[in-house]
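Results of the structural survey
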Amino acid sequence: MRKLLGILLLFSVLGGCKKVEKATAEVESPELEFDYQKMPDKIEFNPEATAIVEEWPEFKDLNSSVDVLYRATNNEDLALAIDDLIEKEKKMANGKYPELFDTFQVKSRQSVMRTFLYKAKASILENQPTTGPIVEALEAYNNMRKQLNIIVNSQLDKKLILDET
């Protein structure tokens, strides 16, 4: 019994003196790249909408900033383009809309675009993947352009619809 107790004590001492190697896992931080090839194409205006938009300076500024976003190839360019887009969108929201486009349909799509721009900016600041939020913001921009085309194409006389006599 004493031999068994001595052997157990010996193994426990030898086991306690064993150096434990800490497992050091290297965290690989893959570079977050912006995949500019996944960006949707810009929807074209019809001629009637183009004539109205050409006289709308706030939208022209926003459109030129979106063109800069389409040319961005890395996250640094993307951050600058997003900041510029947010600034131009604020100017457009506070500016004067053409009478035909001063509707809730256009303003709500602009609000959706603003939301996705802020989501993209947060992704850039938090070093998260940026391709998804940028694609969503550009789709919201395309939806706003599509709505401008729809408004020009289907001009219904509200007085005739709402007139009950």
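Nothing here was measured: the structure is a model prediction, and the numbers come from that model.

Counting residues in hydrophobic clusters, the biggest one holds 32 residues, and the most contacted among them are Phe59 and Ile82. When residues of this core are assigned to their parent elements, the largest contribution, nine residues, is made by helix H6 (residues 131–153). When residues no more than four places from it in sequence are discounted, the contact partners of Ile82 are Leu69, Leu117, Ala120, Lys121, Ile124 and Ile134.

For the coordinates displayed, the defined rule picks out seven salt bridges. For Glu136, the salt bridge is made with Lys119, and the minimal N-O distance between the two is 3.0 Å. Residue Glu136 is found in helix H6, and its partner Lys119 is found in helix H5 (residues 104–125); the two are separated by 17 residues along the sequence. Judged by its relative accessible area of 26%, Glu136 falls in the partly exposed class.

A separate point is the environment of Asn142. Along the chain, the position of Asn142 falls in helix H6. Here the alpha-carbon distance between Asn142 and Glu44, two residues 98 residues apart in the chain, equals 8.9 Å. Discounting residues that sit within four places of it in the chain, Asn142 has contacts with Pro40, Asp41, Lys42, Ile43 and Tyr70. Looking at Asn142, its side chain comes within polar contact range of the main-chain nitrogen of Ile43, at 3.1 Å.

Turning our eyes to something else, we now look at a nonpolar patch on the surface. Together, Ile7, Leu10, Phe11 and Leu14 line one region of the surface with nonpolar side chains, adding up to about 430 Å² of accessible area. Relative to the helices and strands, Leu10 is located in helix H1 (residues 2–17).

Right, let's talk about the confidence of the model for the protein chain for a bit. Counting all residues, the mean pLDDT for the protein chain is 83, and 82% of those residues have values of 70 or more. By mean pLDDT, the top-scoring element of the protein chain is H5 (93), and the lowest-scoring one is helix H7 (residues 158–162) (67). Within the model, pLDDT remains below 50 along residues 25–30, and this stretch shows zero contacts once partners closer than five positions in the same chain are excluded.

Here we take up the environment of Lys119. What makes Lys119 partly exposed here is its relative accessible area of 40%. Spatially, the C-alpha atoms of Lys119 and Ala137 are 8.6 Å apart, while their sequence positions differ by 18 residues. Ignoring anything within four residues of it in the chain, the contact list for Lys119 reads Pro133 and Glu136. Polar contacts involving the side chain of Lys119 include one to the side chain of Glu136, which spans 3.0 Å.

Cut-offs applied
- Residues numbered from 1 in each chain as written.
- Predicted model: local features only at pLDDT ≥ 70, side-chain atom pairs only at ≥ 80, totals over all residues.
- Heavy atoms only, no water.
- Core = buried A, V, L, I, M, F, W, Y, C linked by side-chain atoms within 4.5 Å.
- Buried < 20%, exposed > 50% of the residue type's maximum accessible area, 1.4 Å probe, protein only.
- Helix = DSSP H or I, 4+ residues; strand = E, 2+ residues; numbered from the N terminus.
- Contact = heavy atoms within 4.5 Å.
- Salt bridge = Lys/Arg side-chain N within 4 Å of Asp/Glu carboxyl O.
- Polar contact = N/O pair within 3.5 Å; in protein donor to acceptor, adjacent residues only side chain to side chain.
- Patch = residues over 30% accessible without salt bridge, like charges linked within 9 Å, V, L, I, M, F, W, Y side chains within 5 Å.
- Areas by Shrake-Rupley, 256 points an atom, 1.4 Å probe, with all protein chains shown as cover.
- pLDDT = per-residue confidence, 0-100.

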